[in-house]
Amino acid sequence: MAGRPPVRSRAAVLGHPIGHSLSPVLHRAAYESLGLDDWSYEAVDVTEDTLESFLAGLDDSWKGLSLTMPLKQTVMGMLDHVDPLAVVTGAVNTVVFQGAGAARTLVGANTDVYGLVVALREGGALRGPRGGDDGHPVAGSGPVASTSAAASTGSTQDPGPRSAVILGAGATAASTLAALAELGIPTADVYVRSLGRTGDLQRAAHRMGLVPRFHPIAEAAAAAVRADVVVSTLPAHGADAVAEEILALGKPVHGILLDVAYDPRVTALSAAWRDAGGTAVPGQRMLLHQAAEQVRLMTGHVAPVQAMDDALEAALAH
């Protein structure tokens, strides 16, 4: 019986720490389903201090990289080209290698926005500017362009969700602002632990032509229960206090919640939201769809989303 063919194309997820990453599960499932037997995908522990030397040591077999924080920002000055969406959000979570040898270029992209948009649409945020037939943004339909275009045409379609709350002010919050704009929500109320640490997000919003409003997180629960869309970008258990306050309010909610944390699988915030009558989208849906877009960018193939979803669910069940 013939063994596996030698690896000719490599990809990896980088971060520190990185052992917990589910990206290898998703990408390997995609390669298997696509018949890409000569592709490999690993998790590599890389810090901000070692990132530049790591990139310099990669040969032409490397096709792409997935990046976690804080590398999403550190890498930007090390690339030959950065996609406009990654520029305005200030975060690159994907690097694609194009060409070979001296002509090789490193291109940075942001697939977190795509993952957020698709996950929110799965939850019911279906209206607003849409992409092309394949689900990808059409030319000239970036977050700001989409929102302004919808306004200028005076569309009579159901405007869909109009108010949004974001918990947290990190890189994922910037991608969330772009995703909400893509869904037709031009601004959001952002709730943070420290109002003095919102500079990066404010600058990203300015680049997008958006003007979010900032508030202390102690006020988040009362605003969240009235919002059409709520996205928590806080780490695991970071929104537990907000969840307790939502339960204490005892008010019904009708909006969509996406908590990007997925460990535990049902977060305290998601559980409280569902108990109050709202729709909660699991955080692994964003993880799945941003990875699917990475597969497309790195391999040139449409990602086998169902195969990737099955592998992810199996991994999370253990």
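Scope of this entry: the structure provided in the associated data block.

What follows concerns the pattern of salt bridges. Taken as a whole, this structure holds 9 salt bridges when the rule is applied. Residue R285 is joined to E122 by a salt bridge in which the shortest nitrogen-to-oxygen separation is 2.9 Å. With R285 in helix 12 (residues 283-299) and E122 in helix 5 (residues 112-123), this pair connects stretches of sequence that are 163 residues apart. What makes R285 buried here is its relative accessible area of 17%. One salt bridge in this structure joins R285 and D309, with 3.0 Å as the shortest N-O distance. Of this pair, R285 sits in helix 12 while D309 sits in helix 13 (residues 305-317), and the two are 24 residues apart along the sequence. When sorted by exposure, R285 lands in the same class as D309, which is buried.

This part covers the sheet that holds strand 5 (residues 94-98). Taken in spatial order, the 6 strands line up as 2-1-3-5-6-4 in an open sheet, and their pairing is mixed. Looking at strand neighbours, the two that pair on one side only are strand 2 (39-45) and strand 4 (81-82), the edges of this open sheet. Bridge count for strand 1 (residues 9-15) against strand 2 is 7 bridges, and the pairing is parallel. For A11, the partnering residue across the bridge sits in strand 2 and is Y41. The strands touched by helix 1 (residues 23-34) are strand 1, strand 2 and strand 3 (62-67); relative to strand 2, the strand with the most contacts, the crossing angle is about 170°.

What follows concerns the packing of aromatic side chains. Scanning all chains against the criterion turns up 3 aromatic pairs. Note on Y31 and W39: the rings are 5.3 Å apart at their centroids and 55° apart in plane angle, and the pair reads as tilted. Taken individually, Y31 and W39 each receive the classification buried, so the pair is uniform in this respect. Clustering of aromatic rings is evident, with ring pairs tying together Y31, W39 and Y41.

Parameters and conventions
- Residues numbered from 1 in each chain as written.
- Predicted model: local features only at pLDDT ≥ 70, side-chain atom pairs only at ≥ 80, totals over all residues.
- Heavy atoms only, no water.
- Salt bridge = Lys/Arg side-chain N within 4 Å of Asp/Glu carboxyl O.
- Helix = DSSP H or I, 4+ residues; strand = E, 2+ residues; numbered from the N terminus.
- Buried < 20%, exposed > 50% of the residue type's maximum accessible area, 1.4 Å probe, protein only.
- Pairing = 2+ DSSP bridges.
- Contact = heavy atoms within 4.5 Å.
- Axes fitted to C-alpha atoms, helices over the stretch in contact; angles between N-to-C directions.
- Phe/Tyr/Trp six-rings, centres within 6.5 Å; stacked < 30°, edge-to-face > 60°.

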